[in-house]
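Coordinate inspection notes
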Amino acid sequence: MYKIIVYFILILCSINVFATTNNTSSAATTTAVVLPDLTQPFYHYYAGVLIGYGNTNWDQMISQDASTSVSTPISAGGSGVAEGVMVGYSINPHFSFEGDFTHFPSADLQFEPYSVYAPLTETTSKTNAYTIFGKFMLPIGHSKFSAFSEIGPAYVQRDDDLA
């Protein structure tokens, strides 16, 4: 089954590594926040690899008693390493557009032999997500790090014998 899910991500205090241009030459000033010189051209493309923990969370679908085991899985597992790629275009040190592809771990589902899915007693569900979003960034001092927040739509694709 294919679904379009619109979601909003707010990631506070996350760290994003990207190249910034700081054209400050004054060593005598001490300030808490140093913003890059926005009069200088900054446009650039970037790409990266995504890796982390992923879970497609079938836990709420697992049958709790015999009355629901006819239509829901009796066991499911779908967590582990999620991987993907991302590409983006940074307009300035504070805003960029980005697109991601993420592949989640496969979920193995088991059903009772008398379920509505008989003769199917087990299957594997594969999930991918495609996202496009705007990214708002706040550079951290003179470093190449920034805190960021993202907002945008996602297309989530699930592929299995049930879909």
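All of these numbers come straight from a predicted model, not from anything done at the bench.

As a further point, take the overall build of the protein. Of the regular secondary structure elements, the protein holds zero helices and nine strands. Counting from the amino terminus, the protein carries its helices and strands in the arrangement β-β-β-β-β-β-β-β-β. Looking at the protein residue by residue over its 163 residues, the buried ones come to 33%. When contacts within the protein are restricted to residue pairs at least 6 apart in sequence, long-range pairs at least 24 apart make up 69% of them. For the protein, the accessible surface area stands at approximately 10,000 Å², while carbon and sulfur atoms represent 63% of it.

Moving on, we come to the environment of Ser 79. Of note, Ser 79 is situated in strand β5 (residues 79-92). If near-sequence neighbours (up to four positions away) are discounted, Ser 79 is found in contact with Tyr 53, Gly 54, Asn 55 and Pro 105.

Where strand β6 (residues 95-103) lies against strand β8 (residues 122-139), nine bridges are found, and the strand directions are antiparallel. From the neighbouring strand, His 103 faces β8, where its bridge partner is Asn 128. Here strand β7 (residues 107-110) pairs with β8 via four bridges, running antiparallel. The residue of β8 that forms the bridge with Leu 109 is Thr 123. Bridge count between β8 and strand β9 (residues 145-159): twelve bridges; the pairing is antiparallel. By the bridge assignment for β9, Lys 135 is matched with Glu 150. What sits between β8 and β9 in their antiparallel hairpin is a turn of five residues, with Gly 141 showing a positive phi close to 55°.

On to the environment of Thr 124. Relative to the assigned elements, Thr 124 resides in strand β8. Note on Thr 124: relative accessible area 34%, which makes it partly exposed. When the C-alpha atoms of Thr 124 and Gly 77 are compared, they prove to be 9.6 Å apart, with 47 residues separating the residues in sequence. Other than its neighbours up to four places away in sequence, Thr 124 contacts Ser 106, Ala 107, Asp 108, Asp 159 and Asp 160. Of the polar contacts made by the side chain of Thr 124, one reaches the side chain of Asp 108; its length is 3.1 Å.

Parameters at a glance
Per chain, residues are indexed from 1 in the order of the written sequence. This being a predicted model, a pLDDT of at least 70 is required before a residue's local features are given, and a value of 80 or more before pairs of side-chain atoms are given or counted; all residues contribute to the totals for chains, interfaces and linings. To obtain the side-chain values, all non-hydrogen atoms of the structure were used and water was disregarded. Helix numbering and strand numbering both begin at the N terminus, where a helix is a DSSP run of H or I of at least 4 residues and a strand a DSSP run of E of at least 2. Burial status follows relative accessibility: with a 1.4 Å probe on protein chains alone, a residue under 20% of its type maximum counts as buried, one over 50% as exposed, and anything between as partly exposed. Should any heavy atoms of two residues lie within 4.5 Å, those residues are considered in contact. Areas reported here follow the Shrake-Rupley algorithm with a probe of radius 1.4 Å; residue values treat only the protein chains shown as occluding. Only strands that DSSP links by at least two bridges are regarded as paired with each other. Here a polar contact is recorded for every N or O atom pair within 3.5 Å, except that within protein the pair must consist of a potential hydrogen donor and a potential acceptor, and residues adjacent in sequence are included only if both atoms are side-chain atoms.

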